[in-house]
Amino acid sequence: MACLLETPIRMSVLSEVTASSRHYVDRLFDPDPQKVLQGVIDMKNAVIGNNKQKANLIVLGAVPRLLYLLQQETSSTELKTECAVVLGSLAMGTENNVKSLLDCHIIPALLQGLLSPDLKFIEACLRCLRTIFTSPVTPEELLYTDATVIPHLMALLSRSRYTQEYICQIFSHCCKGPDHQTILFNHGAVQNIAHLLTSLSYKVRMQALKCFSVLAFENPQVSMTLVNVLVDGELLPQIFVKMLQRDKPIEMQLTSAKCLTYMCRAGAIRTDDNCIVLKTLPCLVRMCSKERLLEERVEGAETLAYLIEPDVELQRIASITDHLIAMLADYFKYPSSVSAITDIKRLDHDLKHAHELRQAAFKLYASLGANDEDIRKKIIETENMMDRIVTGLSESSVKVRLAAVRCLHSLSRSVQQLRTSFQDHAVWKPLMKVLQNAPDEILVVASSMLCNLLLEFSPSKEPILESGAVELLCGLTQSENPALRVNGIWALMNMAFQAEQKIKADILRSLSTEQLFRLLSDSDLNVLMKTLGLLRNLLSTRPHIDKIMSTHGKQIMQAVTLILEGEHNIEVKEQTLCILANIADGTTAKELIMTNDDILQKIKYYMGHSHVKLQLAAMFCISNLIWNEEEGSQERQDKLRDMGIVDILHKLSQSPDTNLCDKTNSALQPYPPA
C-alpha cells in the first residue's frame, strides 16, 4: 500500500508548488491588455529575489509568452518594457535559468527591441542583455552573429548613462581574443568609449575602464592607439594614472593598473616610463597587501606578475618594493585561524577560493625570479618556500599545479639552487610524479624544468635517470605538441652530455633509430636543432663515437647528407658539420667519412662557403681527419691533398677572421710548404 501512496504524495507537492505560480502565467493570456500588463507587473514583484518562483515560472512556460508579448507590435511600450524587466529578473537566477532563456532565443528578441525609439524599453532590453551576456553559460559569439548589432550598440552609447553602462559591460564581457578586439576597434570602440572615462557616473567610468583593459590586452594595435587618444585635452595614459591614485576606489585603481600594464606589455608604453615604474607597479604591489580582499590580492599579484615577466629591471624594483617577497608568503597562510574576517559568508567564500591566492603567489614568484640570482635566493629563503612549492605540485587544482611548476621552473634557472635547495628537497621526485599524468600545459613547463635538472652539474641528474626518465622523455618526443617534442629531445640532449656509454645506449635503444630520423625531418626548427644537439652529445669521446657509428653509422651518415643537401638555415648546417667533426674524431668512425666521397665533397664545399661559421665547422672536420698522431693519417692527408683541400687551406690562411685563420694554419701543419 505504501508504494501506491508514494506517487500521489509527490504529485500533490508538485501541484501545490506550481499552482501558486500558475495564476501568474494564466494572466499573461488574458484578452484584456490592461490585465496582462498588471499580471506582468505582479509577476515582476513576485520573482524579485525569489529563485524558486523564477524556476517555477520558467517550467510553466512563462518565457515564450513574455517574449511573444515583447515582440508583438500591438503590445504597448509599457507592456514590452515590463516584459523585458521580468525576463531580466529571471536571468538573474541560476545558470539553468539563463540556459532556458537562451533556448527560447531571447537574445535575437532583445536585440530587435533595441531598434525601438523608446529609451526606457531600450534600457530594459540592454539591462536584460547585460545580465545574460555576463553569465558564464552564454556564448560570446551570439553578440557578433549579426554584423549590424555592434554598430547599432555604438550608436546607442550616446542615449543615456544607463545605455553607456550596460553596453560597456556587454562589450567587456564579450571581448574574448583578437577577433573580437578587432571587430570592436574597427567599429570605433576607442573613440566612442574614451569620453565616458570623464562621465559623472562612477558606474559608467568603471565599465568604460574595463572595456579598455580587455581591448588593450595583448593587442599592440589598440594599445598604440590608446596612447595618443585625447579626452578633454588630456592623454588617456594620464587619465589612467589619475584613476589609480590611492584616493580612488580599489576596483578603479586595479583596472587602471591593468590598462597601463597591458599597454606596456603590448609595447605602447616603455617599461622605464614613470607611469609604470612610479605609478602602476607600486599600485599593484599595494594590492598584494593583506589588508585587501582576497580577489583584489589575487588580481593584483597576477597583473603584477604579467607586468614584470619580461623585464629584469621591473623585477628588481618590485622585489624591493614594500617587502613584496615576504608579503607574498602570507598568501599561503590565508585564512589563518586568527583571521580578522567576522563575516561568515566572506569567510566561507575565501575558504573556497584560498587556492587562487596560492596560484597568484606562485605566478608572481615565478616572474620575480625569472632572471636575477639574488631575487631567486630571497624567494627560496622565504619561510618554508620549497616545501610550499612541492606541496603545490600535488594540489587538486590544475591551475595551482601549473603555477607551482612555473615557479619551480623559474627558480631552477639558478645553478646554485639546483645544487643546494633543489637537492635538499628532492624536488625531482614530485616533478617526475607530475610528468606521469598531467595535462599538456603542465607537461610543457614540467618537462622544460626537467631539462634544467638534467644539466651535468645538477645532483638530481643521477636519481632522475634511475627513476625511468629515459622512457618518459622518449615518449614525449612522439607527442603531437611541438613544445613537448622540443622539451623531450632537449632533456635527452642534456642527459647525453658527457654521459657514460650505458646511458647513451639506453637513449638510442629507447628512442629508436626510426624516431631519431623522424625528429631530424621534423617541421619544427627547434625540434630539429635539439635533435642535432642530442646526436652531437651522443657522438662525443672516441670509444662512444666508434661504438655508436659501428651500429648506426649508415643511417647517421644518410641523415647528415640529407640535411647538408636540404634547404636549412646556417645554424642547422653548422650543427650538422659539427656532428661530422665529432665523427671525424673517432678512431674507426672517421673511415665512414673518408670512404664517402659525397660527404668529403660537401665538407670541401662548406670550407669555401661565404659564411664563416660554416667554414669553421668544416675546418674542424678537416683538422680531425688529418691529425698526425693517428693511424692512417698519411693516407688521409694524401687523399685530401688530391681533392684540392690543401689549396683551399692556403686561401683560408689569409682570412681576415682570426679564429678561422688560426684553425687553418693548425690544419696546414702536416703539409710542409712547397
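Note that the coordinates shown come from a computational prediction; the quantities given were computed from them, not determined experimentally.

**Q** Would you take a moment to explain the overall build of the protein for this structure?
**A** Tallying secondary structure elements over the protein gives 42 helices and 2 strands in all. A globule of 674 residues ought to have a C-alpha radius of gyration of about 26 Å, yet the protein, at 34 Å, is considerably larger. Projected onto its principal axes, the C-alpha positions of the protein cover 115 × 80 × 50 Å. In the protein, which comprises 674 residues, the share counted as buried stands at 54%.

**Q** Hey, could you run me through the environment of Thr198 in this one?
**A** With respect to the helices and strands, Thr198 occurs in the loop between α12 (189-194) and α13 (202-216). Note on Thr198: relative accessible area 39%, which makes it partly exposed. Distance in space between the C-alpha atoms of Thr198 and Val231 is 8.0 Å, their sequence separation being 33 residues. Sequence-distant contacts of Thr198, defined by excluding residues within four places in its chain, comprise Arg205, Val231 and Asp232. For Thr198, the side chain forms a polar contact with the main-chain oxygen of His195, separated by 2.9 Å.

**Q** Looking at this model, I keep getting lost on the side chain of Thr513. Mind explaining?
**A** Tracing the sequence through the fold places Thr513 in helix α33 (residues 513-520). Taking the relative accessible area as the measure of exposure, Thr513 reaches 15% and is therefore buried. Non-local contacts of Thr513, meaning those with residues more than four positions away in its chain, are made with Leu508, His552 and Gln555.

**Q** Would you take a moment to explain the nonpolar core for this structure?
**A** Burial of nonpolar side chains together is a common tendency in soluble globular proteins. If you look at the biggest cluster of nonpolar residues, it comprises 242 residues, and the most contacted ones within it are Phe212, Leu368 and Leu580. Beyond its immediate sequence surroundings of up to four residues, Phe212 is in contact with Val190, Ile193, Ala194, Leu197, Leu226, Leu236, Phe240 and Cys259.

**Q** Just to check I follow, could you spell out helix α22 (residues 373-381) for this structure?
**A** Since there are 3.6 residues in each turn of an α-helix, residues three or four apart along the chain are aligned in direction. For α22, the complete set of buried residues consists of Ile375, Arg376, Ile379 and Ile380. One side of α22 holds all its buried residues, which, seen down the axis, span an arc of 135°. Along α22, the residues that are exposed and aim more than 90 degrees away from the buried face are Asp374 and Glu381. In this structure Asp372 caps α22, since a side-chain oxygen of it lies 2.8 Å from the backbone nitrogen of Asp374.

**Q** How should helix α21 (residues 344-368) be read in this particular structure?
**A** In this model α21 runs 35 Å from its N-terminal to its C-terminal C-alpha over 25 residues, within 8% of the 36 Å that 1.5 Å per residue would give. Most pronounced at Lys352, the bend in α21 amounts to some 50°.

**Q** Would you mind going over the UniProt feature "repeat: ARM" (unreviewed entry) in the protein with me for this structure?
**A** Cross-referencing UniProt, the feature "repeat: ARM" (unreviewed entry) maps to residues 61-97 in the present numbering. A helix fraction of 76% and a strand fraction of 0% characterise residues 61-97, whose end C-alpha atoms lie 12 Å from each other.

**Q** Would you mind showing me how to read the packing of aromatic side chains here?
**A** Ring pairs (aromatic) are described by centroid distance and by the angle formed between their planes. Applying the stated criterion across every chain, the model contains 7 aromatic pairs. Each ring, one from Tyr262 and one from Tyr306, has its centre 5.8 Å from the other, and the planes form 75°; the classification is edge-to-face. Placement of Tyr262 in helix α16 (residues 250-265) and of Tyr306 in helix α18 (residues 294-308) is noted, with a sequence separation of 44 residues between them. Taken as a pair, Tyr262 and Tyr306 share a single burial class, namely buried. One aromatic cluster is present, formed by Phe217, Tyr262 and Tyr306 through successive ring pairs. The ring of Tyr306 has Arg265 lying over it, and the distance from NZ or CZ to the ring centre is 4.2 Å.

**Q** Just checking my understanding: could you explain the pattern of salt bridges for this structure?
**A** Here the idea is simple: oppositely charged side chains can pair when their charged atoms come close. Under the definition given, this model contains 28 salt bridges. The partner of Lys363 in a salt bridge is Glu302, and the shortest N-O contact between them spans 3.3 Å. In this pair, Lys363 is assigned in helix α21 and Glu302 in helix α18, connecting sequence segments 61 residues apart. With a relative accessible area of 29%, Lys363 lands in the partly exposed category. The structure contains a network of salt bridges with shared partners spanning Glu313, Arg316 and Asp372.

**Q** Before we go on, may I ask you to explain the state of the cysteines in this structure?
**A** Here a disulfide denotes one covalent bond, and it connects the sulfur atoms of two cysteines. Inspection of every chain in the model, using the stated rule, returns 0 disulfides. Free cysteine Cys128: the closest other cysteine sulfur is in Cys125, separated by 7.5 Å. Free cysteine Cys407: the closest other cysteine sulfur is in Cys288, separated by 14 Å. Residue class for Cys407 comes out buried when judged on its relative accessible area of 0%.

**Q** Even after reading the chapter, I still don't get the environment of Ile464, so can you show me in this structure?
**A** With respect to the helices and strands, the residue Ile464 is situated in helix α29 (residues 461-466). Residue Ile464 is classed as buried on the basis of its relative accessible area, which comes to 0%. A sequence separation of 33 residues divides Ile464 from Leu431, and the C-alpha atoms of the two residues are 9.8 Å apart. When neighbours within four sequence positions are excluded, Ile464 is seen to be in contact with Trp428, Met432, Leu450, Leu453, Leu454 and Ala469.

**Q** Help me understand the packing of α33 against helix α34 (residues 525-538), please; the structure alone is not making it clear to me.
**A** A packed helix pair is summarised by two numbers, namely the angle formed by the two axes and the spacing between the axes. Closest axis-to-axis distance for the α33/α34 pair is 8 Å, and the angle between their directions is 135°. Here α33 is positioned oblique relative to α34, judged by the angle of their axes. Contacts between α33 and α34 involve Leu516, Leu519 and Leu520 from the former and Val527, Leu528, Thr531, Leu532, Leu534 and Leu535 from the latter.

**Q** Any chance you could explain the packing of α18 against α21 here in plain terms?
**A** Packing of α18 against α21 leaves a shortest axis separation of 8 Å and a crossing angle of 15°. As summarised for this structure, α18 and α21 are arranged roughly parallel, according to the angle between their axes. Two packed elements cross with a definite hand, and for α18 against α21 that hand is left-handed. For the contact of α18 with α21, a count of residues per class yields 11 nonpolar, 4 polar and 7 charged.

**Q** Would you mind showing me how to read the environment of Pro439 here?
**A** Inspection of the secondary structure assignment puts Pro439 in the loop between α27 (428-436) and α28 (440-453). Residue Pro439 is classed as partly exposed on the basis of its relative accessible area of 32%. It is 8.3 Å that separates the C-alpha atoms of Pro439 and Val398, two residues lying 41 residues apart in sequence. Residues contacting Pro439, with those up to four places away along its chain left out, are Val398 and Arg401.

What counts and what doesn't
- Residues numbered from 1 in each chain as written.
- Predicted model: local features only at pLDDT ≥ 70, side-chain atom pairs only at ≥ 80, totals over all residues.
- Heavy atoms only, no water.
- Helix = DSSP H or I, 4+ residues; strand = E, 2+ residues; numbered from the N terminus.
- Rg over C-alpha atoms; globule rule 2.2 N^0.38 Å.
- Buried < 20%, exposed > 50% of the residue type's maximum accessible area, 1.4 Å probe, protein only.
- Contact = heavy atoms within 4.5 Å.
- Polar contact = N/O pair within 3.5 Å; in protein donor to acceptor, adjacent residues only side chain to side chain.
- Core = buried A, V, L, I, M, F, W, Y, C linked by side-chain atoms within 4.5 Å.
- Arc of directions from axis to C-beta.
- Expected span 1.5 Å × (residues − 1).
- Bend = angle between axes of the 7 residues up to and from the residue.
- UniProt positions renumbered as here; feature names shortened; annotations may be inferred.
- Phe/Tyr/Trp six-rings, centres within 6.5 Å; stacked < 30°, edge-to-face > 60°.
- Lys NZ or Arg CZ within 6 Å of the ring centre and 35° of its normal.
- Salt bridge = Lys/Arg side-chain N within 4 Å of Asp/Glu carboxyl O.
- Disulfide = S-S within 2.5 Å.
- Axes fitted to C-alpha atoms, helices over the stretch in contact; angles between N-to-C directions.
- Parallel < 35°, antiparallel > 145°, perpendicular 65-115°, else oblique.
- Left-handed = near helix turned anticlockwise from the far one by under 90°.
- Nonpolar A, V, L, I, M, F, W, Y, C, P; charged D, E, K, R; others polar.

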